[in-house]
Amino acid sequence: MTKKYYITTPIYYVNGAPHLGHAYTSVAADVLARWHRLSGDEVFFLTGTDEHGQKVEAAARTAGLAPQAFTDRVAADFKDMTRRMNISNDDFIRTTEPRHKAAAQALWRRLAAAGMIYLGAYEGFYSVRDEAFYDEDELTTRPDGTRIATATGAPVEWVVEPSYFFKLSAFQDRLLAFYEENPGFIAPVAKRNEILSFVRGGLKDLSISRTSFTWGIEVPDDPAHVMYVWLDALVNYLTATGYPDAQAPRAAFWPASLHLVGKEIIRFHAVYWPAFLMAAGLPLPGGVFSHGWWTVEGEKMSKSTGNFIDIRPLVDEFGLDVMRFFLLREVPFGNDGDFSRKNLIARTNAELANGLGNLGQRTLSFIAKNAGGVVPARGDLHDVDRALLNMAGLLPARMTAAMDRLAFHEALEEVWKLIRAADGYIDQQAPWSLRKTDTGRMASVLHTLVSVLRVIAILLQPFMPDAMAALLDQLGVAADARFFASLGANVVEGTILPAPVGIFPRFVDAA
Ligand code: ME8
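Residues numbered from 1 in each chain as written. Predicted model: local features only at pLDDT ≥ 70, side-chain atom pairs only at ≥ 80, totals over all residues. Heavy atoms only, no water.

Participant: How do you make sense of the pairing of strand S15 (residues 288–291) when you look at a structure like this?
Facilitator: Side-chain direction in a regular strand flips from residue to residue, so the side chains alternate between the two faces of the sheet. Here S15 shows a buried face lined by Val 288 and Ser 290 and a second buried face lined by Phe 289 and His 291. Pairing geometry for strand S9 (residues 186–187) and S15, over two bridges, is parallel. Across the sheet, Ile 186 pairs through a bridge with Val 288, a residue of S15. In terms of strand pairing, strand S14 (residues 258–262) meets S15 through four bridges, oriented parallel. The residue of S15 that forms the bridge with Gly 262 is His 291. The parallel pair S14 and S15, bridged by helix H9 (residues 266–280), forms a crossover whose chirality is right-handed. (Buried < 20%, exposed > 50% of the residue type's maximum accessible area, 1.4 Å probe, protein only. Helix = DSSP H or I, 4+ residues; strand = E, 2+ residues; numbered from the N terminus. Pairing = 2+ DSSP bridges. Right-handed = clockwise from strand over helix to strand, strands pointing away.)

Below you can see the structure in the form of structure tokens.
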């Protein structure tokens, strides 16, 4: 039976344009979605936009637009980024859609019916930038007397208003038991520990409605309240499966396999969300993975310094797959990283242009010139050939082990070990010399290289879909033989190969 795999990105706030950070999460989720599709899983991949709340309402006001007109515009920009990054999402959810309002209200009713919601009054700190409530002990007082959230540096304001509360305090023990039974639920481990100590420290009931503004989903039966934007937002993951319709075509995708998020929103996904689901009697997702943050040329991307970088001009300049590769190769997933042009150029020149690109080009142009432009005959294999082919044979398992841990950089390092070995093999076997002395042996060496390139190109498809499609075309691999299930097959001797063209350019740093 095929396995179902449901992966999500956060839904991004439409208070500003998409930037490198959003593209990063979307690319990572896309690589996983493509990886699972090629493995034969039935995949549902969701991304989208978070369009309600005070922060978005304020951004619309600043832009001089009505909230819906404003969110329509920014959501279109996120859709454009998604398309430009070649993200293979199966759905794009916007929280202003009727299907989502219906789902959020249905969940609210279910929580209310279970006795998990009560009316009270909230008196405390709120950060609009983080759309989060904070306790006094989570704040720092600045020299000028204003207070900010210690974790994020976001300003807070004092709020007093009627509010509905969710009985989060009742879930401390159940959550701790759940984390204990599902040690892989929160990753990486440092985040798991952070969440464990937060929950062990005690949970207070959570304010889940607001009355001081109107840009949100109405609370059922009490239109003076709109839902707290995080309750609204988290439900998106259910909405897309057709919730509350248990017969919806995608209903069977719940529970999600993995929520991929940035490290600043782990608490919402690993504490509040499972508690809401437990309270509603719904199954919990398979896991939440939080990745690190990118800075740009050593600086935090921030609205105040205006150094948010849009990835799209970089894609135009360097190429889509170069950017996709770099984001996942440069920084161990889970860690913070710094984006610099210098590193982008250095790494992609070394590993794409001079590494994989050169290996492909060297092999294929030699075949075009000296071996009739067809996949050469295998002949008798020598130990060196077998050693390289064995290494290629082990690659799928090695990569899978890394991919299962979301260690993208390690999965890629496994590929590059093989590329370096193949480079050494060409130098040592010197097909250009064999051409004069032993054309049978030359054919075997070239056959071995084409076999190895085929495995590499198939396995790298999730990271660089277009570039690897081009390489597989040049290797004469049929379109229906590019799945992981096809890895055990081999290149077919005598297949006519198209004229080889380089797939990765070499960059010169003008700076
Ligand atoms: O938090 N580096 O939306 P958001 C890496 N709407 N990733 C980054 C990043 C950076 N510098 N900046 C942003 C929200 N991200 C909520 C989510 S989900 C139910 C609701 C990525 O627009 C990262 O994935 O602030 C982060 O978690 C997300 O964008 C935050 O996007």
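Participant: Explanation requested: the sheet that holds strand S1 (residues 4–13) in the structure shown.
Facilitator: Through backbone hydrogen bonds, the strands of a sheet pair up, either in parallel or in antiparallel fashion. Reading across from one edge, S3-S2-S1-S14-S15-S9 is the order of the six strands in this open sheet, with parallel pairing throughout. Each having just a single partner strand, strand S3 (91–94) and S9 make up the two edges of the open sheet. Of the strand pairs in this sheet, strand S2 (residues 42–50) and S3 are connected by four bridges, and their pairing is parallel. From the neighbouring strand, Gly 48 faces S3, where its bridge partner is Ile 93. With respect to the sheet, H9 is in contact with S9, S14 and S15, its orientation differing from that of S14 by roughly 140 degrees. (Contact = heavy atoms within 4.5 Å. Axes fitted to C-alpha atoms, helices over the stretch in contact; angles between N-to-C directions.)

Participant: What should I look at first to understand the pattern of salt bridges in this one?
Facilitator: Pairs can form between side chains of opposite charge once their charged atoms are near each other. Throughout the structure, instances matching the rule amount to 36 salt bridges. As a salt-bridge pair, Arg 37 and Asp 90 come within 3.5 Å of each other at their nearest N and O atoms. Placement of the pair is Arg 37 in helix H1 (residues 20–38) and Asp 90 in the loop between helix H3 (67–84) and S3, with a sequence separation of 53 residues. The class for Arg 37 is partly exposed, based on a relative accessible area of 26%. For Asp 90, a relative accessible area of 32% puts it in the partly exposed group. A salt bridge links Arg 267 to Glu 138; the nearest nitrogen and oxygen atoms lie 3.0 Å apart. (Salt bridge = Lys/Arg side-chain N within 4 Å of Asp/Glu carboxyl O.)

Participant: For this particular structure, what's the right way to read the site of the ligand?
Facilitator: The environment of the ligand is made up of 23 residues, and the closest members are Ile 11, Tyr 13, Thr 25, Asp 50 and Glu 264. One of the backbone N or O atoms of Ile 11 is found 2.8 Å from a nitrogen atom in the ligand. Within the side chain of Thr 25, one N or O atom sits 2.6 Å away from an oxygen atom of the ligand. Isolated, the ligand exposes 670 Å² of accessible area, and the fraction of that covered by the protein chains is 94%. Taken together, the elements giving at least two residues each to the shell around the ligand come down to S1, H1, helix H7 (229–234) and helix H8 (236–239). (Near = heavy atom within 4 Å. Polar contact = N/O pair within 3.5 Å; in protein donor to acceptor, adjacent residues only side chain to side chain. Areas by Shrake-Rupley, 256 points an atom, 1.4 Å probe, with all protein chains shown as cover.)

Participant: Looking at this structure, how should I read the sheet that holds strand S13 (residues 222–227)?
Facilitator: Reading across from one edge, S11-S13-S12 is the order of the three strands in this open sheet, with antiparallel pairing throughout. Sheet topology places strand S11 (209–210) and strand S12 (218–219) at the edges, where each strand pairs with a single neighbour. Across the sheet, helix H4 (residues 98–113) lies against S11, S12 and S13, angled at about 105 degrees from S13, the strand it touches most.

Participant: Mind showing me how you'd approach the nonpolar core here?
Facilitator: Grouped burial of nonpolar side chains is what soluble globular proteins tend to show. Formed by 181 residues in total, the largest nonpolar core has its most connected members in Tyr 179, Leu 356 and Met 464. In terms of residues, this core owes the most to one element, helix H16 (residues 439–460), which gives 13 residues. Aside from chain neighbours lying at most four places away, what touches Leu 356 is Glu 351, Trp 416, Ile 419, Leu 453, Ile 456, Leu 460, Met 464, Met 468, Leu 471 and Phe 504. (Core = buried A, V, L, I, M, F, W, Y, C linked by side-chain atoms within 4.5 Å.)

Participant: When you look at the packing of aromatic side chains in this model, what are you seeing that I'm missing?
Facilitator: This structure, assessed with the given rule, holds 32 aromatic pairs. Pairing Tyr 6 with Phe 44 gives two aromatic rings, centres 4.8 Å apart and planes at 25 degrees, and the pair type is stacked. Here Tyr 6 is found in strand S1, whereas its partner Phe 44 is found in strand S2, with 38 residues between them in sequence. Judged by relative accessible area, Tyr 6 falls into the buried class, the value being 0%. The exposure class of Phe 44 is buried, given its relative accessible area of 0%. (Phe/Tyr/Trp six-rings, centres within 6.5 Å; stacked < 30°, edge-to-face > 60°.)

Participant: Would you take a moment to explain H9 for this structure?
Facilitator: For an α-helix, 3.6 residues make a turn, and residues three or four places apart therefore share a direction. Its 15 residues give H9 an end-to-end C-alpha distance of 21 Å, which sits within 8% of 21 Å, the value for a rise of 1.5 Å per residue. A bend of about 30 degrees at Tyr 272 is the largest found in H9, and the proline Pro 274 appears one to four places after it. Of all 15 residues making up H9, 14 are buried, and the element is well covered by its neighbours. Gly 281 sits one or two residues past H9 and shows a positive phi near 70 degrees. (Expected span 1.5 Å × (residues − 1). Bend = angle between axes of the 7 residues up to and from the residue.)

Participant: Help me understand the packing of helix H10 (residues 311–318) against helix H11 (residues 320–330), please; the structure alone is not making it clear to me.
Facilitator: Packed helices, taken two at a time, are described by their axes: the angle between them and the distance between them. Running from amino to carboxyl end, H10 crosses H11 at an angle of 120 degrees, the nearest separation of the two axes being 7 Å. Contacts between H10 and H11 involve Ile 311, Leu 314, Val 315 and Phe 318 from the first element and Leu 320, Val 322, Met 323 and Leu 327 from the second. Across the contact of H10 with H11, the residue classes break down as eight nonpolar, no polar and no charged. (Nonpolar A, V, L, I, M, F, W, Y, C, P; charged D, E, K, R; others polar.)

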